[in-house]
Amino acid sequence: MIQVESLTKQYGATAVVDRVSFDIERNSIAVIVGTSGSGKSTLLRMINRLVEPTDGRVLLDGADTRSEPAHLLRRRIGYAIQGHGLFPHRTVAENVATVPRLLGWPEARIRSRVCELLEIFQLDPGLYAHAFPHQLSGGQQQRVGVARALAAEPAVLLMDEPFGALDPIIRAKAQEDLLGIQRRFGTTIVLVTHDMDEAFRLGHRVAVMSQGRLLQYDRPAVLLTHPTDPFVARMTGLSDRAMKLLALTTAGEAALPGSSDGPRVASSASLREVLSELVWSRAASAVVLGEDGAPRGQLTVAAILARGHP
Amino acid sequence: MVFKANRILPGEPRELQQVLPAWAALGFQAVLLLTAAVAIGVADAKRRLIAALGAVSVLVLTVAAAANALTPAGNKVVRVAPGTAFWVLLICLGLLATDAITRMRPGALARVLLLALAIAIAVAALAQGTFDNLSVMREYAVNAGRFPPELWRHIWLAGGSLIAAVIVGLPLGILCHRAPRLQPPVLGTLNIIQTIPAIALFGILMAPLGALAARVPAAAALGIRGIGAAPAVVALFLYSLLPIVANTVVGLRRVSHAAVDAALGVGMTPRQVLSGIELPLALPVIITGIRVVLVQNIGMVTIAALIGGGGLGTFVFQGIGQTAVDLVLLGAIPIVVLAFSASVMLDALVEMLDRTPSASPEPAP
């Protein structure tokens, strides 16, 4: 879907992004993670050419992104940023309608799309369509920002620290919503964050960057079990890596045949949560329930612990 | 009241009781005392405003009545002007009214309507001839033919130089915002121009404009000369540039960086970002600059009369030359009214445009 080939950005003599190459699969979420100044935002902004690369190229569906004018390219790619970047003098509906208007959609189609999006993002169109951004809460503003990015049904969505300004509880909800949106529309998402937990929670693949270089790009579990660089190991955290690994697998994936008289857990719960539940209730095993609520299998403490190391 | 046998003789004071019937003079004093009581004892802004406006009307009408009583029928030489007490009272009542209006916090539209109403009442009273026996109106009667053209010329000089300054200053401000390196030299130069006294600037401009007119017949045909309207407009234009350029730069800088980034990121062209996001968000600050310029220009056009630029300043300087205070007032009062009206209207415009309260541009998440 997106191929980044030897992408480089130099300001003067320093390379902010240094020969970075990686591929992003269709319908997946790729998270770029790094400390501030690692070049992660610059890398993201080179994908929609808000920053023009010094060298290298980006292929979108096999076509070089430089083969069309930058503003036309950007209208096909969703873009959401930290602090939402809403236009303060335009209503929520006008903000969401920005890209469809630029693309010249008929007015009726714009209206129905805006209504549809506001409903998806749990904002009652009757209450919020004509409100101004400053009248909304931070979480609502952030949702409008994502709704605007998705308005023209882009195949790709770029997000630069989209949840950075939210408090932890609203952030967890926003992350959950984003996963739901991604499943619903099948959008390919590239997201930048400095928060490793967020990266592990959202990313199918995670790119770890430091000082302009891409250190490792892989599935979260592989980053934990086989870090190729000491910096990656430090970023992922050494002290609780076993728990992080358990958090990446769901009970449904790990369930073994059989039954148990222990506590009942949902198949969507992570192994970390199941282990915590077992410790709390002093049980040796738990029943894993399927989506329909019927028992699907069981999990023992030993089986869980066996998954907590490489 | 001040009574003069003719316009240049020194005036002699007359007291109200000597001029008006006893009931009128006493009634007038009662109204003043009542208003003073309201000003001290009543907190409600609406009542204070009504009291102040009522007292102003009574004051003005009393002065008009006194002037009528003092003027012998058919005498056109006698000059009757309100004395110092009138001006002091007018200032006090004006303060009372302004204070009351401020406390009531009327909306932008309401303030403009209030202004329009006040002007309409004043114009109606003038047209009725209510004040015809006051000295200022006597001067008006003498200069009736010259007053309207000079008034329009005044507005044209102030407005024309403003429009020229906006046409040049707005793009210059945008350029300064886009290329920050240009800012210090451009703003520095405009700052220096701003410090040149008006008369000096007129003088400086006389030589080049005179030379231009002498060398280029087309320029002379356009009315460009060393003296007259041309140097006045050029000088006002130069003075106007600094507030407009500076406010454009500040206004654009105030626009949230995230909004501009997002606008570019979703595929607006730089021109669309400027016209759709940056300028609308900077507009309140830019209009504030225009307000400063317009009020400043309306005042400064007065001086243009010194170099033959015309405008209401003509009356002011003629009056000074003839030691005829009434003629000075004939020029000065409309200038004050013009400047005040321009200020109120543009302030209201700024408020209507500023849909985002600047106090909370980024509410806490």
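Residues numbered from 1 in each chain as written. Chains lettered and ligands numbered in written order. Predicted model: local features only at pLDDT ≥ 70, side-chain atom pairs only at ≥ 80, totals over all residues.

## As for the overall build of chain A
And then number 1: Summing up its helical and strand segments, chain A has 15 helices and 13 strands in all.
And then number 2: Whereas a compact globule of 310 residues would reach a radius of gyration of roughly 19 Å, chain A reaches 21 Å, a difference of no more than 12%.
And then number 3: Of all 310 residues assigned to chain A, the portion counted as buried reaches 43%.
And then number 4: Long-range contacts, defined as pairs at least 24 residues apart, comprise 62% of the intrachain contacts of chain A with a sequence gap of at least 6. (Helix = DSSP H or I, 4+ residues; strand = E, 2+ residues; numbered from the N terminus. Rg over C-alpha atoms; globule rule 2.2 N^0.38 Å. Buried ≥ 20, exposed ≤ 12 C-beta atoms within 10 Å, placed from the backbone. Contact = placed C-beta atoms within 7 Å.)

## Considering the interface of chain A and chain B
And then number 1: Tallying the contact residues gives 25 residues for chain A and 21 residues for chain B.
And then number 2: Elements represented by at least two residues in the side of chain A that touches chain B include exactly helix H2 (70-75), strand S6 (77-81), helix H4 (98-102) and helix H7 (138-150) of chain A.
And then number 3: Top contributing element to the side of chain A that touches chain B by residue count: H2(A), with 4 residues.
And then number 4: Considered class by class, the residues forming the side of chain A that touches chain B number 12 nonpolar, 9 polar and 4 charged. (Nonpolar A, V, L, I, M, F, W, Y, C, P; charged D, E, K, R; others polar.)

## Notes on the pairing of strand S4 (residues 55-60) of chain A
Residues and elements named next belong to chain A.
And then number 1: Here strand S1 (residues 2-11) runs beside S4; their pairing, made up of 5 bridges, is antiparallel. Looking at S4, one finds that Val4 is bridged to Val58.
And then number 2: Connecting S4 to the antiparallel partner strand S5 (residues 63-64) that follows it, the hairpin turn spans 2 residues, and Asp61 within it adopts a positive phi of roughly 55 degrees. (Pairing = 2+ DSSP bridges.)

## Examining the domain arrangement of chain A
And then number 1: As assigned here, chain A comprises domain 1 (2-237) and domain 2 (244-306).
And then number 2: Using C-alpha coordinates to define each centre, domain 1 of chain A is positioned 33 Å away from domain 2 of chain A. (Domains from an automatic or database assignment.)

## Regarding helix H7 (residues 147-178) of chain B
And then number 1: Here H7(B) spans 46 Å end to end across 32 residues, near enough to the 46 Å set by a 1.5 Å rise per residue.
And then number 2: Of all the bends found along H7(B), the most pronounced is centred on B:Gly169 and spans about 25 degrees, while B:Pro171, a proline, follows it within four residues. (Expected span 1.5 Å × (residues − 1). Bend = angle between axes of the 7 residues up to and from the residue.)

## Digging into unusual backbone geometry
Residues and elements named next belong to chain A.
And then number 1: For Glu153, which is not glycine, the phi dihedral falls at a positive 50 degrees.
And then number 2: Positionally, Glu153 belongs in the loop between H7 and strand S7 (156-160).
And then number 3: Judged by the 13 C-beta atoms lying within 10 Å of it, Glu153 is partly exposed.
And then number 4: Its identity as a non-glycine residue notwithstanding, Gln211 has a phi of 45 degrees, on the positive side.
And then number 5: With respect to the helices, strands and loops of the structure, Gln211 is situated in the loop between strand S9 (205-210) and strand S10 (213-218).
And then number 6: Note on Gln211: 16 C-beta atoms within 10 Å, which makes it partly exposed.

## Here's the deal with the sheet that holds strand S13 (residues 295-300) of chain A
All names here are of chain A.
And then number 1: Strands sit in the order S11-S12-S13 across an open sheet of 3 strands; the sheet is mixed. Every interior strand has two partners, whereas the edge strands, strand S11 (264-266) and S13, have only one. Pairwise comparison of adjacent strand axes, ignoring direction, gives a mean angle of 35 degrees for this sheet.
And then number 2: The sheet contact formed by S11 and strand S12 (residues 285-289) spans 3 bridges and is parallel. Among the inter-strand pairings, Arg264 is bridged to a residue of S12, identified as Val287.
And then number 3: Those strands touched by helix H14 (residues 271-281) are S11, S12 and S13, and its axis lies near 135 degrees from that of S12. (Axes fitted to C-alpha atoms, helices over the stretch in contact; angles between N-to-C directions.)

## Things to note about the domain arrangement of chain B
Residue and element names in this part refer to chain B.
And then number 1: Taken domain by domain, chain B consists of domain 1 (2-143) and domain 2 (147-353).
And then number 2: The straight-line distance from the C-alpha centre of domain 1 to that of domain 2 is 34 Å.
And then number 3: Going through the elements one at a time, strand S3 (79-81), helix H5 (108-128) and helix H6 (135-143) are the ones with two or more residues in the side of domain 1 that touches domain 2.
And then number 4: Per-element tally for the side of domain 1 that touches domain 2: the top contributor is H6, with 6 residues.
And then number 5: When the residues that make up the side of domain 1 that touches domain 2 are grouped by side-chain class, the tally is 8 nonpolar, 2 polar and 5 charged.

## Some details on the packing of H7(B) against helix H11 (residues 229-254) of chain B
Residue and element names in this part refer to chain B.
And then number 1: Running from N to C, H7 and H11 cross one another at 40 degrees; their axes reach a closest spacing of 6 Å. Accordingly, the angle class assigned to the pair H7 and H11 is oblique. Between H7 and H11 lies a crossing whose hand is right-handed.
And then number 2: The residue inventory of the contact of H7 with H11, partitioned by class, reads 20 nonpolar, 7 polar and 1 charged. (Parallel < 35°, antiparallel > 145°, perpendicular 65-115°, else oblique. Left-handed = near helix turned anticlockwise from the far one by under 90°.)

## Looking at the environment of A:Thr187
Residues and elements named next belong to chain A.
And then number 1: Note that Thr187 resides in the loop between helix H8 (168-185) and strand S8 (188-193).
And then number 2: Take Thr187: there are 21 C-beta atoms within 10 Å of it, and that puts it in the buried class.
And then number 3: Along the sequence, Thr187 and Gly56 sit 131 residues apart, while their C-alpha atoms lie 25 Å from each other.
And then number 4: Setting aside its immediate chain neighbours within four residues, Thr187 contacts Ala155, Leu157 and Gln182.

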